[in-house]
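# A closer look at the structure
What follows is each chain in one-letter form.
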Amino acid sequence: MSGILELESLLKSLSPELQPQEYVFCSVPNTLSEMLALKPIATFLEKEGLTIILPKNVAEDKDLFFSSTYKMITLTVHSSLDAVGLTASVASKLSERGISANVIAAYYHDHIFVPSQRAEEAMEALAEFTN
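These lines cover the structure that appears in this document, whether it is placed above or below. Being a predicted model, the structure only gives us computed values, none of them experimental.

## Description of the side chain of S116
One can find S116 in the loop between β6 (110-115) and α5 (119-127). Given the relative accessible area of 15%, S116 is considered buried. Of the polar contacts made by the side chain of S116, one reaches the side chain of E22; its length is 2.7 Å. Once you skip the residues sitting within four places of it in the chain, S116 turns out to touch E22, T69, Y70 and K71.

## Concerning unusual backbone geometry
A positive phi angle, near 55°, is found at K39, a position not held by glycine. When its relative accessible area of 67% is taken as the criterion, K39 is described as exposed. Positive phi, normally seen in glycine, also occurs at D63, with a value near 55°. Counting through the fold element by element, D63 comes out in the loop between α3 (56-61) and β4 (70-75).

## So, the pairing of strand β2 (residues 42-46)
In this sheet, strand β3 (residues 49-55) lies alongside β2 in antiparallel orientation, the contact comprising five bridges. Within β3, the position partnered with E46 by the bridge is G49. Between β2 and β3, which pair antiparallel in sequence order, lie two residues.

## A word on the nonpolar core
Nonpolar side chains tend to gather and get buried jointly when the protein is soluble and globular. Ranked by internal contacts, the top residues of the largest apolar core, which has 19 residues, are I73, L75, V90, L94, I112, V114 and L126. Only α1 (7-12), β4, α4 (86-95), β6 and α5 provide two or more residues apiece to this core. In terms of residues, this core owes the most to one element, α5, which gives five residues. Contact partners of I73, with chain neighbours within four places excluded, come to P16, E17, L18, D110, H111, I112, V114, A119, A122, M123 and L126. C26, V28, L38 and V58 belong to the second-largest nonpolar core, a separate cluster that totals 12 residues.

## Brief notes about the layout of surface pockets
Roughly 160 Å³ of volume is contained in the largest pocket. Every residue lining the largest pocket is listed: F25, A42, T43, F44, E46, T51, I53, N102, V103 and I104. If one sorts the elements of the lining of the largest pocket by residue count, β2 sits on top with four residues. Within the lining of the largest pocket, the residues separate by chemical class into six nonpolar, three polar and one charged.

## A look at the pattern of salt bridges
Taken as a whole and judged by the stated rule, the model has six salt bridges. Here E22 and K56 are joined by a salt bridge, their closest N and O atoms 3.7 Å apart. One end of the pair, E22, is in strand β1 (residues 16-28); the other, K56, is in helix α3, and 34 residues separate them in sequence. Residue classification places E22 among the partly exposed residues on the basis of a relative accessible area of 24%. Where salt bridges share partners, they join K93, R97, E124 and E128 into one cluster.

Conventions we followed
- Residues numbered from 1 in each chain as written.
- Predicted model: local features only at pLDDT ≥ 70, side-chain atom pairs only at ≥ 80, totals over all residues.
- Heavy atoms only, no water.
- Helix = DSSP H or I, 4+ residues; strand = E, 2+ residues; numbered from the N terminus.
- Buried < 20%, exposed > 50% of the residue type's maximum accessible area, 1.4 Å probe, protein only.
- Polar contact = N/O pair within 3.5 Å; in protein donor to acceptor, adjacent residues only side chain to side chain.
- Contact = heavy atoms within 4.5 Å.
- Pairing = 2+ DSSP bridges.
- Core = buried A, V, L, I, M, F, W, Y, C linked by side-chain atoms within 4.5 Å.
- 1 Å grid on protein atoms, 1.4 Å probe; cavity = no way out; pocket = protein on both sides within 12 Å on 5 of 7 lines; lining within 4 Å.
- Points joined across faces, edges and corners; volume = space filled by probe spheres on them.
- Nonpolar A, V, L, I, M, F, W, Y, C, P; charged D, E, K, R; others polar.
- Salt bridge = Lys/Arg side-chain N within 4 Å of Asp/Glu carboxyl O.

See below:
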């Protein structure tokens, strides 16, 4: 089953779900294999180090540095990786309210990390697409 390409259909079908867990972004000098035991939900290798996204409590337990906490909003619509404009539309909607958006596109869904204290407001903003 392929994802939806058409932007208007995507926006009307976002069905955002706020995940209960708080997440953090950490940059570590370790290798990915060394960090897999922490079960990060996402990783990205940059020249400065390995970025891992993991639950806040895991980072705290391992004394990993992080500067902010985030809630993850999953757009449950099955978006195509070739869809054009979804990330820009969502980021613009949140930007109107001064909410930062860190978006990760996975195979089936897009996941938006917003500051924890602004998560409910972000959900209200995204609901405007279906009103």
